[in-house]
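Spelled out, the chains give:
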Amino acid sequence: MTFSNPVALVLLALIPYFVWLGRPRLAYRRRRDLASIAARLVIVLCLILALSGAQVVQAADKLSVVFLLDASDSVDQTARDQAQSYIRDAMSQMRPEDRAGLVVFGQNALVERPLSAAKELGVIGSAPIRLNTNLAEAIRLAMAMFPGDSARRIVILSDGVETMGSAIAAAQLAAATNVQIDTVPLNHHTGPEILVSDVRVPGKVNVGEQFDLGVTVQSQTDANVTLTILAGGSVVTAPKAVTLKAGTNNFVFTLTVKAEGFNDFRVRVDPITADTFYQNNELSGFSEVTGPPRVLVVTQNPEEVAQLLPALQNAGLQVDVKAPNDVPIGVAEIANYKSVVLANVSATNLTTQRMKILQTYVRDLGGGLVVIGGPNSYGVGGYYQTPLEETLPVEMRIKDQKRIPKLTMVYVIDRSGSMEEIGPSGVTNLELAKEATRRSINFLFPQDRAGVLSFDSNPEWLVPIQYVINQAAMKNQIGTLRPGGGTDIFAAVKAIADSLPGDPSTLKHVILLTDGGADPTGIVDMVAKMNRENNITVTSIGIGNQVPPFMAEIAKAGKGIYYNLPDLQTIPQVFAAETVLATRSYLVENEFNAVQSANSPILDGIKGLPSLLGYVATTAKDTATVALKAPGFDDPVLASWQYGLGRAVAFTSDATGRWAKNWTSWDQFGRFWSQVIRSTIIEGTNSRLESHVEQRGDQSVLVVDARDDRGGFINSLSLTGSVVDPKLGAQTINLQQVAPGRYEAPFDPKQEGAYFIRVGGSTAGVETATAAQTMGWVLSYSPEYRLHATNTNLLNDIAHLTGGETLAEHPEKAFAHTIREERASTALWPWLLLLATLLLPFDIAIRRLIVTRTDLQKANAWVRARLGIKDRPQAALAPSARIVQLMNAKERATTATTTAPIMPVTPNTPIEASLTGPETTPVKPNAPAAPTASKSPELARGAKADSTLAARLLEQRKKRD
């Protein structure tokens, strides 16, 4: 017997106290007290042993087996089916006391079947991640499943191609805990297989320099394929048909790159014949093309940058000009630029994806962003609640409510069946319209009013016109909008004409969203009447490519703006811009001189700023540096801040003759804009760092070596890295110094493809040292998809470490009881508590209940009566002499009582006289009863005779007293 809590055995010292407490104190209770104390001691002993965790240890002839089934992509379906048949054959040999479990694994491990005595294996439903093999995790999971009272065996059914973790380390842990691992090798995928195994490009090349790109393609058979090379998502070379030989094939392409920056070269092979996996048909490589700093200028109208371009080019910057819809949609291409300039660009001309790329470019890659104002930018350009607003140092909303007149916005939304179409954004047009309405309501102030009118064949006020202070309830109601039937625009406009003119707000604006598929009769005239008589403005938004002309006429009649949107991807920006324009307070157009409010490197050496003629009102963010303000309202004109690893600048006026007429002819115009652009460019620090990525098992580690210009180590740097994946997801990592000048940080890449990594940091000492670098890195496809043979060496090493063997041809050995028996422990506390509970009533009964022989005779008689058992006749026993005397005395007393007359006692009659009456003659037992006369001599003599004994007893009592 062993104890799991032996400290509780100290309570045994209380047993003498219980013996002393229950010791016998009265002689006649000695036996009962001794029985009670014995029962009580047994109860106390049971409780103490239960608290101490008493358990019995004995050898257990039980066997638990967990099968590990490899379900990764490197094992084909045929091999998995064979493995399942093997498991079923093995489980048919189980003994009744054996248990079997199943773990299915790939990159992760899942319990398909916990340990069970059932011999049947059902259909396997677990679906682990198949693109990697983590055998170590599967072994650890199996070890956690084993009970402690049986021998333990793991049977691995795998091809042994390990791509993550360390199965050897897991096997060593299994050996230390007496778990035996046996193996069943499975065949690796048999193909046919074609894959790109290597792409070789120089790390750095100069602009215009020719270089060679090497490609290695492996194939298991002779095959015809097409090779294509892409850079930044664009095709560099036309698809080339080549013939592959079985084995390794090498190709070389000569390329010339004209664009400065990072270029991700992706090689794609398209097999014409059969191929097993598509995942290994692409592979990428990186090259950095060096050259002068490049700046991307984005504008919808070239006149917006007519004076700006020469100023930037004269400052030594290489400038590319593109329209908003030509902004790169890939990180690699936009990373070629040191800074991006948006000149009076509306958010409605930029897709959400492009705005997210700009945000990633600044925040995670350390790029620069400059936004120049104009009537199509900032709040009036729909920047509200977009990635651009998050990136810029200013907010689009004016917080001074007194400057904004009270406004009533009415949203008229078409809910016909055409609104159920799904656009490029992946959601329906109706859902986009609902989101746009909610975002527009967010822009309004509590004293503003809003309403939502939805219509199909009939108009319906989804949200009646009310104050925006109830915006939470309004948004919930908007969410209940569902599609309907036809389209009747006239009925919707008439409902507006009946409700809106009497509204108390100063400004009244209507946004009409529809595809225009309705009878136009009377619509334009009614809109013109509302504008003429009640100053109600109407903006119309036509959806699709076949919008009828009257939709534009509605906006013209209502003094609003007409938007023709082929899809509604930018509708949230349109609604936000319309909300700003309706207030007529965000465009400030009057001549003023900007006031310098803070020091900034942008204004170094610049004095005598000319006047400006207008700007877009915004609100500076708390951490922004506002270098120039507009007098009066203190609206920011020039603001900047650090955003992530990059920098952003907002100039709320423009760079043309509209508002900056006096600036374009200013002699420091070029210097001002050059300093604006260069303030966003982090340059001259790359030479301090050398970064690369190392693969250590299943972990990727960013390694940075920091050296100064003389080659010495730079220590105590506070380095931060930002890793941007192919889908623009970013993770920030902090690097720790692990050696002189070396810093490391692990990160977890989730997707294959090209990654951009930005590293930056500084240290403060005698002088501040700064360092930064941007690099590219490619995560290749999983080693699971490379050409491998079954790794029997790894499987054999695992089995050897744990004393196992290969059971490929012997499924019956899986449940062979050849493993050392485990000594199982059985806890006794449940039985001890049960015994104590059962003894407690007996202890109470011994102390409290008295059972006599008569009680036992009565109980016996009751039982016999219940059972129907008759009493046996017993022979009469001759009474003893003493019994005879007692019986005669009883008979005489009974006779005397029944024959003696009842004599009344008067108050004057002495008690002695009543006790000693006249003597009576004894009456024979069989004699007839005597007359009951009160003065009969015979009765008197009998009374005297019977009272003799009583008199004697009374006399003796008097003597004692």
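Some remarks on the overall build of the protein
For step 1, the next point in the chain: Looking only at helices and strands, the protein features 23 helices and 42 strands.
For step 2, the next point in the chain: Counting only carbon and sulfur atoms, one obtains 53% of the accessible surface of the protein, whose full area is about 47200 Å².

Describing the environment of V155
For step 1, the next point in the chain: Within the secondary structure, V155 is located in strand 6 (residues 151-158).
For step 2, the next point in the chain: Setting aside its immediate chain neighbours within four residues, V155 contacts V65, V66, F67, L68, D182, V184 and A814.

Comments concerning the confidence of the model for the protein
For step 1, the next point in the chain: Here the protein averages 82 in pLDDT, while 87% of its residues score no lower than 70.
For step 2, the next point in the chain: Within the model, pLDDT remains below 50 along residues 764-769, and this stretch shows 6 contacts once partners closer than five positions in the same chain are excluded.
For step 3, the next point in the chain: Across residues 905-946, where pLDDT falls below 50, the model places 35 contacts with residues more than four positions away in sequence or in other chains.

What to know about the pairing of strand 16 (residues 294-299)
For step 1, the next point in the chain: Within strand 16, 6 of the 6 residues are buried, which leaves it mostly tucked inside the rest of the structure.
For step 2, the next point in the chain: Alternating residues of strand 16 divide into R294, L296 and V298 and V295, V297 and T299, and every residue in both groups is buried.
For step 3, the next point in the chain: The handedness of the strand 16 to strand 17 (residues 318-322) crossover, carried by helix 6 (residues 308-314), is right-handed.
For step 4, the next point in the chain: In the sheet, strand 16 pairs with strand 18 (residues 339-343) via 5 bridges, with the strands oriented parallel. What sits directly across from V297, in strand 18, is V341.

Looking at the sheet that holds strand 39 (residues 742-747)
For step 1, the next point in the chain: Spatially, 4 strands are ordered 34-35-39-38 in an open sheet, and the strand pairing comes out antiparallel. In the strand order of this sheet, the two ends are held by strand 34 (689-696) and strand 38 (736-739), each with one partner. Shown here is a sheet whose adjacent strand axes are inclined to one another by a mean of 35°, direction ignored.
For step 2, the next point in the chain: Bridge count between strand 38 and strand 39: 3 bridges; the pairing is antiparallel. By the bridge assignment, Q736 is partnered in strand 39 with E744.

Some details on the sheet that holds strand 13 (residues 247-256)
Each strand in a sheet pairs with another by means of backbone hydrogen bonds, the pair being arranged parallel or else antiparallel.
For step 1, the next point in the chain: On the basis of which strands lie adjacent, the open sheet formed by 3 strands has the order 8-10-13 and antiparallel pairing. With one partner strand each, in any of the chains shown, strand 8 (194-200) and strand 13 form the two edges of the open sheet. Across the sheet, the mean angle from the axis of one strand to that of its neighbour is 25°, orientation sign disregarded.
For step 2, the next point in the chain: Of the pairings in the sheet, the one linking strand 8 to strand 10 (residues 210-219) comprises 6 bridges and is antiparallel in character. Paired with D198 across the bridge in strand 10 is T216.

Examining helix 19 (residues 829-848)
For step 1, the next point in the chain: The terminal C-alpha atoms of helix 19 lie 29 Å apart, and with 20 residues this matches the ideal 28 Å at 1.5 Å per residue to within 8%.
For step 2, the next point in the chain: In the structure, helix 19 departs most strongly from a straight axis at L839, where the bend amounts to approximately 25° and where the proline P841 lies between one and four residues downstream.
For step 3, the next point in the chain: Those residues of helix 19 lying buried are L832, A836 and D843.

Notes on the pairing of strand 36 (residues 718-724)
For step 1, the next point in the chain: Burial runs high along strand 36: 5 of the 7 residues are buried.
For step 2, the next point in the chain: One ladder, built from 5 bridges, connects strand 36 with strand 37 (residues 730-734); its direction is antiparallel. The residue of strand 37 that forms the bridge with V723 is Q731.

A closer look at the side chain of Q359
For step 1, the next point in the chain: Tracing the backbone shows Q359 in helix 8 (residues 352-363).
For step 2, the next point in the chain: Look at Q359 and you get buried, because its relative accessible area is 8%.
For step 3, the next point in the chain: Here the side chain of Q359 touches Y643 through a polar contact of 2.9 Å, side chain to side chain.
For step 4, the next point in the chain: With near-sequence residues (within four places) excluded, Q359 lies in contact with D364, P387, E390, T391 and Y643.

Some points on the packing of aromatic side chains
For step 1, the next point in the chain: Counted according to the given criterion, the structure contains 19 aromatic pairs.
For step 2, the next point in the chain: Taken together, a centroid distance of 5.8 Å and an interplanar angle of 50° make the contact between Y378 and Y383 tilted. Note on accessibility: Y378 and Y383 belong to one class, buried.
For step 3, the next point in the chain: Between F592 and Y615, the aromatic rings sit 5.3 Å apart at their centres with planes inclined by 70°, giving edge-to-face as the arrangement. Note that F592 is positioned in the loop between strand 27 (587-588) and strand 28 (595-596) and Y615 in strand 29 (residues 615-616), a separation of 23 residues in sequence. In this pair, the class of F592 matches that of Y615, namely buried.
For step 4, the next point in the chain: Site record: aromatic cluster; members linked through ring pairs are F651, W663, W666, F669, F672 and W673.
For step 5, the next point in the chain: We note R397 situated over the ring of F445; from NZ or CZ to the ring centre the distance is 4.7 Å.
For step 6, the next point in the chain: The ring of Y467 carries R449 above its face, with NZ or CZ at 4.8 Å from the centroid.

Observations regarding the nonpolar core
For step 1, the next point in the chain: By size, the foremost hydrophobic cluster in this structure holds 91 residues, and its most contacted members are L342, F672 and W673.
For step 2, the next point in the chain: Beyond its immediate chain neighbours, meaning those up to four positions away, L342 contacts V298, L350, L358, L369, V370, V371, I372 and L388.
For step 3, the next point in the chain: Core analysis: the next-biggest nonpolar cluster, separate from the first, contains 31 residues, A433, A450, L481 and Y563 among them.

With respect to the packing of helix 5 (residues 167-176) against helix 18 (residues 792-802)
Helix-helix packing: each pair is described by the crossing angle between the helix axes and the interaxial distance.
For step 1, the next point in the chain: Two elements in contact, helix 5 and helix 18, have axes whose closest approach is 8 Å; the angle formed by their N-to-C orientations is 20°. Considered as vectors, helix 5 and helix 18 are oriented roughly parallel to each other. Crossing angle aside, the handedness with which helix 5 passes helix 18 is right-handed. Taking contact as the criterion, the partners of A167, I168, A171, Q172, A174 and A175 in helix 5 are, on helix 18, L794, D797, I798, L801 and T802.

Focus on the pattern of salt bridges
For step 1, the next point in the chain: Under the definition given, this model contains 17 salt bridges.
For step 2, the next point in the chain: Two residues, R268 and D270, come together in a salt bridge whose shortest N-O distance is 3.4 Å.
For step 3, the next point in the chain: Residue classification places R268 among the partly exposed positions, given a relative accessible area of 26%.
For step 4, the next point in the chain: Among the ionic pairs, D456 bridges to R415, the shortest N-O distance being 3.2 Å. On the criterion of sequence distance, the pair formed by D456 in the loop between strand 22 (449-455) and strand 23 (459-467) and R415 in the loop between strand 21 (407-414) and helix 10 (429-443) is long-range, its members being 41 residues apart.

As for the environment of V427
For step 1, the next point in the chain: Mapped onto the secondary structure, V427 falls in the loop between strand 21 and helix 10.
For step 2, the next point in the chain: For V427, the contacting residues outside a window of four places in its chain are E421, I422 and L432.

Observations regarding unusual backbone geometry
For step 1, the next point in the chain: The phi angle at N178 is positive, at roughly 60°, despite the residue not being glycine.
For step 2, the next point in the chain: Residue position: N178 is located in the loop between helix 5 and strand 7 (179-185).
For step 3, the next point in the chain: Residue classification places N178 among the partly exposed positions, given a relative accessible area of 37%.
For step 4, the next point in the chain: Positive phi is not limited to glycine here, since Q385 has a value of about 55°.
For step 5, the next point in the chain: As for its position among the elements, Q385 is in the loop between strand 19 (368-372) and helix 9 (387-391).
For step 6, the next point in the chain: By relative accessible area, which is 34% here, Q385 ends up partly exposed.

Thoughts on helix 5
For step 1, the next point in the chain: Inspection of helix 5 places A167, A170, A171 and A174 among the buried residues, and these make up the whole buried set. Down the axis of helix 5, the smallest arc covering the buried residues is 100°, so these residues share one side.
For step 2, the next point in the chain: In the segment just after helix 5, N178 is the residue with positive phi, at about 60°.

Each value, and the rule that gives it
- Residues numbered from 1 in each chain as written.
- Predicted model: local features only at pLDDT ≥ 70, side-chain atom pairs only at ≥ 80, totals over all residues.
- Heavy atoms only, no water.
- Helix = DSSP H or I, 4+ residues; strand = E, 2+ residues; numbered from the N terminus.
- Areas by Shrake-Rupley, 256 points an atom, 1.4 Å probe, with all protein chains shown as cover.
- Contact = heavy atoms within 4.5 Å.
- pLDDT = per-residue confidence, 0-100.
- Buried < 20%, exposed > 50% of the residue type's maximum accessible area, 1.4 Å probe, protein only.
- Right-handed = clockwise from strand over helix to strand, strands pointing away.
- Pairing = 2+ DSSP bridges.
- Axes fitted to C-alpha atoms, helices over the stretch in contact; angles between N-to-C directions.
- Expected span 1.5 Å × (residues − 1).
- Bend = angle between axes of the 7 residues up to and from the residue.
- Polar contact = N/O pair within 3.5 Å; in protein donor to acceptor, adjacent residues only side chain to side chain.
- Phe/Tyr/Trp six-rings, centres within 6.5 Å; stacked < 30°, edge-to-face > 60°.
- Lys NZ or Arg CZ within 6 Å of the ring centre and 35° of its normal.
- Core = buried A, V, L, I, M, F, W, Y, C linked by side-chain atoms within 4.5 Å.
- Parallel < 35°, antiparallel > 145°, perpendicular 65-115°, else oblique.
- Left-handed = near helix turned anticlockwise from the far one by under 90°.
- Salt bridge = Lys/Arg side-chain N within 4 Å of Asp/Glu carboxyl O.
- Arc of directions from axis to C-beta.

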